[in-house]
Amino acid sequence: MGVNMNITDREKLYRLFRENADVLGTNRITIVALQSFINAVKLLRCKDKHLLSQYAELIKAIKNTQPRIIPLIHLIEQFETEIKAFDDASYEEIKNQTIRILKQKMILYESITKEVIQVGRQYVRDNDIVITHSASTVVKRVLIEAKKELKRKFSVIILKQDFLKTKQMITWLTEAGIDYIVVPEYSLSLLLGKATKMFIGAVSVTHDKQAVAVVGTANVVSFCHINNIPVYLFVKSLKFSHQSHSHQHIYLKEVDMEEDGYVYHLTTHSHDLIDLKLVDHLITENGEVGIGTL
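Below is a summary of the structure that appears in this document. (Residues numbered from 1 in each chain as written. Predicted model: local features only at pLDDT ≥ 70, side-chain atom pairs only at ≥ 80, totals over all residues. Heavy atoms only, no water.)

1. Here we look at the sheet that holds strand E6 (residues 210-214)
This is how the line gets drawn: A strand pair is defined by DSSP finding two or more bridges across the two strands. Numbering of helices and strands runs from the N terminus; a helix is a DSSP stretch of H or I covering at least four residues, while a strand is a stretch of E covering at least two.
Spatially, three strands are ordered E5-E6-E10 in an open sheet, and the strand pairing comes out antiparallel. Every other strand in the sheet has two partners, leaving strand E5 (204-205) and strand E10 (271-275) as the edge strands with one partner each. Inspection of the sheet shows E6 paired to E10 by five bridges, in the antiparallel sense. Bridge pairing in E10 places Ala 213 opposite Asp 272.

Structure representation (structure tokens):
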């Protein structure tokens, strides 16, 4: 952590968050980020008067990731409030209290995650055929615990994305002994007659009732909605943002592509927006939440 994080450093950090979140998912990147903060504090050496300004620079960067990692931001905001009680403490005491508070936030986050899974696994029934799109940690654990703890008999349709995410889901389900088939997204229509529900996760749920989810999710959710396949969204209440979707910093990427000797300009976004009108069941650690009450 430097006293002044320049634009280049900040962009590198944003890219690191984005790339790791894409691979690890929001749940795991939140824990990784908190642990990285702890590790940085342990290694940090600076003048006493610069300590809190070092924190401020990193916190500012965390709050402006692309997209914004809402649960991490909520936990960091809690940390900011709690560490203020030690403004006049010694250098070492501030560092010790920082580590203690951040560890508590990790425990809290893991606890809430377990509660969502405890609630969520009840929504898997015998003979279900569940469509999954992304390698969501919560969706994965809901399915695995429904199989192992509740002894549910069901199968899964894995919609193929990039290889790494698809490989993760295949590995998890294989190890849990859950039956599955892998299908390209464009072939889903031929299996809708068999599917009973779709499970998804999200990066955040915005104040104007939009879910920020893995790119490609919106198309599949819309398709399921039109064909009366109920969509279940599993999120922690910590993922509820106080801001609208326009403040979520969804990353826009524009690149020149060359294929078969032809050059064209390609515009992509890091994530999708899903209108909650298309979601039939919103599940949190507190049970099912009425979307109209948000």
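2. What about helix H7 (residues 163-176)?
Basically, it comes down to this: One less than the number of residues in a helix, times 1.5 Å, gives the span that helix is expected to have. The rule is simple: take the accessible area with a 1.4 Å probe, protein chains only, and divide by the maximum for that residue type; under 20% is buried, over 50% is exposed, in between is partly exposed. Note that the arc is defined by the directions from the helix axis to the C-beta atoms.
Along its 14 residues, H7 runs 20 Å from first to last C-alpha, staying within 8% of the 20 Å computed at 1.5 Å per residue. Within H7, burial applies to Lys 165, Thr 166, Gln 168, Met 169, Trp 172, Leu 173 and Ala 176. The arc enclosing the buried residues of H7, seen along the axis, measures out at 155 degrees, which places them on a common side. Across from the buried face of H7, at angles greater than 90 degrees, the exposed residues are Phe 163 and Glu 175. One or two positions beyond H7, positive phi appears at Gly 177, with a value near 70 degrees.

3. So, unusual backbone geometry
Despite not being glycine, Asn 127 shows a phi value in the positive range, around 75 degrees. Summarising the element assignment, Asn 127 is placed in the loop between helix H5 (91-120) and strand E1 (129-132). Given the relative accessible area of 65%, Asn 127 is considered exposed. Not every positive phi belongs to a glycine, and Lys 209 is a case in point at roughly 65 degrees.

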